[in-house]
Number of protein chains: 2
Amino acid sequence: MPQGANKLLLEMFTIFVSAKLGGELFANLALPAVLGEIAAGVLLGPHALSLIAPTDNIQAFAELGAIFVLFTAGLEIHPQDLVRVGQQSLRVALAGVIVPFVLGFAYLRIRGTNLHEAVFVAAAMVATSVGVTAGVLDELRVLHARFSRIILGAAVFDDILGMVLLAVVVGMASGGVRWLHLGITFLEALAFTLFMIFVGPRVVHHMRPGLRRLSTQNAPLALSLALCLMFSWASERIGMAAIIGAFFTGLVLADYAPEWELGPPVRGIHDMLAPFFFFAIGARLDIGLFSGGVLWTACVVTVLAIISKLAGCGLPVLNEGWPTALRVSIGMVPRGEVALIIALIGLQMNVISQSAYAIVIFMTAITTLAAPLALRWVLNSGSLERVGHVG
Amino acid sequence: MPQGANKLLLEMFTIFVSAKLGGELFANLALPAVLGEIAAGVLLGPHALSLIAPTDNIQAFAELGAIFVLFTAGLEIHPQDLVRVGQQSLRVALAGVIVPFVLGFAYLRIRGTNLHEAVFVAAAMVATSVGVTAGVLDELRVLHARFSRIILGAAVFDDILGMVLLAVVVGMASGGVRWLHLGITFLEALAFTLFMIFVGPRVVHHMRPGLRRLSTQNAPLALSLALCLMFSWASERIGMAAIIGAFFTGLVLADYAPEWELGPPVRGIHDMLAPFFFFAIGARLDIGLFSGGVLWTACVVTVLAIISKLAGCGLPVLNEGWPTALRVSIGMVPRGEVALIIALIGLQMNVISQSAYAIVIFMTAITTLAAPLALRWVLNSGSLERVGHVG
């Protein structure tokens, strides 16, 4: 009877069903279902048919959906398996941050863009958003493959590096980088990462006997969900993305997931919430807002954003064979929230123009839409069965 | 990085963990875990420690939590099993509506309350809120027992009758009942109920072969979730409670739940969201707001609300033996949202006083807290194994 609730349910139903229909349609066309869910958001969202403008409540579901996409991904990867590709991931992340930044900065300076604007737009070209990639990898059931682990490990380092870069860029624009503060933030993120990968699983191991003595039904699941919420929050608290904390939580629990039967219930939460995440990504994309002059720059920046990640993330793992290098580098192409946040901060600080902001939006849109397509294509042209095994 | 998201995650974590800790504590004291989750809400909520005032987003999770409590309950009950206790449920609901209304109305009139206020408060005493009861039945794993089915069936009829009563009461207070409109609303609700119980399962049966041809992963789960959202919305749309629509959806799918492996994923969503529902119930309860004069009336109204449901819902099923009658009648005692909505409408129409509104809040609080305790107690004093089987 409360009218608000009624509106929420209708909105949830519309988004859920349209996302699932979009996914089904795309899957039948041999395209990634995740892209279909995003396309449903583009189509029904405020920039096209304008049937649905995601409310604050839907955004909350979307945020939680992203968290469960990465939590699910983490649950399928054992910490040791991530450590085994740690060096590769680090190289991919480092070069994948440096190359886009340098290429983007150089192009914009050559075009005559002022220093601060060039720095901000180049910084926005850096940060990979791994949510969409994780969705595609999950859909194709290759999350446990070696290249997937390299991607997810690199996404962790990429997130830390992106955070540092943002702090430097903001510091430069506002008169001075607070190096001590930045150093502490960096060490916090590093300590958090090392703790989650090396110490976390042991803590859980020691909690196991106690869990059995609890009276709460499905106590292991309750504990897992509590940890996921806590570490997602903690991750954001120290300046990293919430989804990275969720991914870490999955890692920490991966060894105990079979024993605790975490798979099906967490999959249920994932399936309920993930469509809101992908739909919301689509609803945010505005592809038709560009005039002639900006469009050209936007296209060049986007092409550079793609090429630079392909080179920066592919070359460091060329020793793994070119199929892996190609898969890893395409998986690192999507930009998203973090890029938009960097551009938004630049806009709010009055160091970048409205058109530079629009360029970043364009770049996130194209990389978000193109990467799943390319990833699915290179995975289908290889043998999925072959890449599907742990290496 | 967005501050809003961070706050949401911290709030979700705090609510989830405190509810679970409350549940664990109560379970260890041989009290219902559900009551512990409610108690956590009372304690941390705005009327006590005031640590957490559930935001709009949390309310959305709570609303969805209630939907999944009833969806889960529905999944465990086959439509035929509900039909088999249909007559008993109808008798329980009818007497359970008439007795509280007559008793409440008579007492208030004798006390000298004016006609409209007496009618509204009496109407608020009528509507059972089955969410808490369903939680306790689930926790004790007796959802499939005969008395549980009688309760849930009665809750459906109770919801329809409550809706009709509300329309009559509002019509009286605003100058005239729109009987035609009321008749249509009643027939809509009846048609919806009959459709969901008798036709729905057959529709799903015919959709089964098509489901297998879908490319969407976990297509049966996606369909189930879509139906749950749709029927919850539809139910509210025609004036019934969303949770009744969710319960119907569970019923419709109950026969296919094992084949589609709906149990564990839906349980996961349930376990994620239900604590927000119970916590939010607690956060709303304000037990310490009563002055002397009102407190006395509030206590009498509450005692009448309890006794009248015990009598009204117990006597019609006395032929099933007194243990069943006792369990059914206690299960029907909790009042909640609908009672508050009726009182709120009365307040907004200026036909009931602030103190009458407070009396209704008091009554919902005590019945919500007392029923789980009593239910657990009578179930423990009987043999749970014995009542646990389908009769």
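See the structure above.
Let us look at the structure shown here. (Residues numbered from 1 in each chain as written. Chains lettered and ligands numbered in written order. Predicted model: local features only at pLDDT ≥ 70, side-chain atom pairs only at ≥ 80, totals over all residues. Heavy atoms only, no water.)

Re helix α9 (residues 179-212) of chain B
Residue and element names in this part refer to chain B. Its 34 residues place the ends of α9 47 Å apart at the C-alpha level, agreeing with the 50 Å of an ideal helix rising 1.5 Å per residue. At Val-199, α9 shows its largest bend, some 50°, and a proline, Pro-201, comes one to four positions later. When α9 is considered as a whole, its buried residues turn out to be Leu-182, Thr-185, Ala-189, Phe-192, Thr-193, Met-196, Ile-197, Gly-200, Pro-201, Val-204, Arg-208 and Leu-211. Buried residues in α9 make contact with α4 (79-84), α8 (146-173), α10 (219-237), α11 (242-254) and α12 (257-260). (Helix = DSSP H or I, 4+ residues; strand = E, 2+ residues; numbered from the N terminus. Expected span 1.5 Å × (residues − 1). Bend = angle between axes of the 7 residues up to and from the residue. Buried < 20%, exposed > 50% of the residue type's maximum accessible area, 1.4 Å probe, protein only. Contact = heavy atoms within 4.5 Å.)

Describing the pattern of salt bridges
One pass over the full model with this rule turns up 17 salt bridges over all chains. The partner of Arg-146 of chain A in a salt bridge is Glu-320 of chain A, with the nearest N and O atoms 2.6 Å apart. Placement of Arg-146 of chain A in helix α8 (residues 146-173) and of Glu-320 of chain A in the loop between α14 (292-314) and α15 (322-331) is noted, with a sequence separation of 174 residues between them. Take Arg-146 of chain A: its relative accessible area is 22%, and that puts it in the partly exposed class. Across the salt bridge formed by Glu-37 of chain B and Lys-20 of chain B, the nearest N and O atoms sit 3.8 Å from each other. (Salt bridge = Lys/Arg side-chain N within 4 Å of Asp/Glu carboxyl O.)

Quick notes on the interface of chain A and chain B
Listed per partner, the contact involves 52 residues of chain A and 52 residues of chain B. Note on chain A versus chain B: buried area summed over both sides is about 4900 Å², and carbon and sulfur give 67% of it. Counting the contacts that link chain A with chain B gives zero salt bridges. Across the chain A-chain B interface, the total number found is 14 residue pairs in polar contact (both at pLDDT 80 or more). Broken down by secondary-structure element, the contributors of at least two residues to the side of chain A that touches chain B are α1 (3-28), α3 (56-75), α7 (130-139), α10 (219-237) and α13 (263-284) of chain A. At 13 residues, the largest contribution of residues to the side of chain A that touches chain B is made by α1 of chain A. For the side of chain A that touches chain B, the residue count by class is 31 nonpolar, 10 polar and 11 charged. (Buried area = accessible area lost by both parts, 1.4 Å probe. Polar contact = N/O pair within 3.5 Å; in protein donor to acceptor, adjacent residues only side chain to side chain. Nonpolar A, V, L, I, M, F, W, Y, C, P; charged D, E, K, R; others polar.)

What about the environment of Ala-325 of chain B?
All names here are of chain B. Along the chain, the position of Ala-325 falls in helix α15 (residues 322-331). Between the alpha carbons of Ala-325 and Thr-72 there is a distance of 24 Å; along the sequence they are 253 residues apart. Sequence-distant contacts of Ala-325, defined by excluding residues within four places in its chain, comprise Gly-314, Val-317 and Leu-318.

A word on the packing of helix α16 (residues 337-348) of chain B against helix α17 (residues 354-381) of chain B
Residues and elements named next belong to chain B. At a minimum axis separation of 10 Å, α16 and α17 run at an interaxial angle of 175°. Judged by the angle between their axes, α16 and α17 are roughly antiparallel. Between α16 and α17, the contacting residues are Ala-339, Leu-340, Ala-343, Leu-344 and Leu-347 on the first element and Gln-354, Tyr-357, Val-360, Ile-361, Met-363 and Thr-364 on the second. For the contact of α16 with α17, a count of residues per class yields nine nonpolar, two polar and no charged. (Axes fitted to C-alpha atoms, helices over the stretch in contact; angles between N-to-C directions. Parallel < 35°, antiparallel > 145°, perpendicular 65-115°, else oblique.)

A short note on the environment of Ala-365 of chain B
For Ala-365 of chain B, the position within the fold is in helix α17. Along the primary structure Ala-365 of chain B and Thr-216 of chain B are separated by 149 residues, whereas in three dimensions their C-alpha atoms are 44 Å apart.

Considering a nonpolar patch on the surface
Residue and element names in this part refer to chain A. Together, Val-83, Phe-186, Leu-187, Leu-190, Leu-194, Phe-195, Phe-198, Val-199, Val-203 and Met-207 line one region of the surface with nonpolar side chains, adding up to about 790 Å² of accessible area. The leading source of residues in the nonpolar patch is helix α9 (residues 179-212), at nine residues. Classification of Val-199 as partly exposed rests on a relative accessible area of 37%. (Patch = residues over 30% accessible without salt bridge, like charges linked within 9 Å, V, L, I, M, F, W, Y side chains within 5 Å. Areas by Shrake-Rupley, 256 points an atom, 1.4 Å probe, with all protein chains shown as cover.)

Details of the packing of aromatic side chains
Within the structure shown, the criterion is met by 19 aromatic pairs over all chains. When the ring of Phe-68 of chain A is compared with that of Phe-71 of chain A, the centres are 5.7 Å apart and the planes differ by 80°; the resulting orientation is edge-to-face. Here Phe-68 of chain A and its partner Phe-71 of chain A are both found in helix α3, three residues apart, which amounts to about one turn of the helix. There is no split in this pair, since Phe-68 of chain A and Phe-71 of chain A are both buried. Between Phe-247 of chain B and Phe-248 of chain B, the ring centres sit 6.5 Å apart and the planes meet at 35°, which makes this aromatic pair tilted. Both residues of the pair, Phe-247 of chain B and Phe-248 of chain B, count as buried. An aromatic cluster is built from Phe-16, Phe-61 and Phe-276 of chain A together with Phe-16, Phe-61 and Phe-276 of chain B, whose rings are joined through pairwise contacts. Sitting over the ring of Phe-147 of chain B, Arg-327 of chain B keeps its end group 5.3 Å from the ring centre. (Phe/Tyr/Trp six-rings, centres within 6.5 Å; stacked < 30°, edge-to-face > 60°. Lys NZ or Arg CZ within 6 Å of the ring centre and 35° of its normal.)

Thoughts on the relation of the copies chain A and chain B
Placing chain A over chain B gives an RMSD of 0.0 Å and needs a rotation angle of 180°, together with 0.0 Å of translation along the axis. Such a combination of turn and shift is consistent with a two-fold rotation axis. In terms of proximity to the rotation axis, the leading residue of chain A is Pro-265 of chain A, whose C-alpha is 2.0 Å off the axis. Comparing interface residues between copies, 100% of those in chain A also sit at the interface in chain B, which points to an isologous, same-surface contact. (Least-squares fit on C-alpha atoms with pLDDT ≥ 70 in both.)

Notes on α7 of chain A
Residues and elements named next belong to chain A. Summarising burial for α7: 10 of the 10 residues are buried, a large majority. Considered for burial, the residues of α7 that qualify are Val-130, Gly-131, Val-132, Thr-133, Ala-134, Gly-135, Val-136, Leu-137, Asp-138 and Glu-139. The positive-phi residue at the C-terminal boundary of α7 is Arg-141, with phi of around 55°.

Quick word on the packing of α3 of chain A against helix α3 (residues 56-75) of chain B
Taken N-terminus to C-terminus, the directions of α3 of chain A and α3 of chain B make an angle of 70°; their axes are 9 Å apart at the nearest point. The orientation of α3 of chain A with respect to α3 of chain B, classified from their angle, is roughly perpendicular. Facing Asp-56, Asn-57, Ala-60, Phe-61 and Leu-64 of chain A of α3 of chain A, the residues of α3 of chain B in contact are Asp-56, Asn-57, Ala-60, Phe-61 and Leu-64 of chain B. Within the contact of α3 of chain A with α3 of chain B, the residues separate by chemical class into six nonpolar, two polar and two charged.

Some words on the environment of Trp-179 of chain A
Mapped onto the fold, Trp-179 of chain A is located in helix α9. The spatial distance from the C-alpha of Trp-179 of chain A to the C-alpha of Ala-339 of chain A is 22 Å, given a sequence separation of 160 residues.

Topic: the side chain of Ser-308 of chain A
Residue and element names in this part refer to chain A. Mapping Ser-308 onto the fold places it in helix α14. For Ser-308, a relative accessible area of 0% corresponds to the buried category. A polar contact is formed between the side chain of Ser-308 and the backbone oxygen of Leu-304, at a distance of 2.6 Å. Setting aside residues up to four positions removed in sequence, Ser-308 forms contacts with Val-99, Pro-100, Leu-103, Cys-313 and Arg-335.

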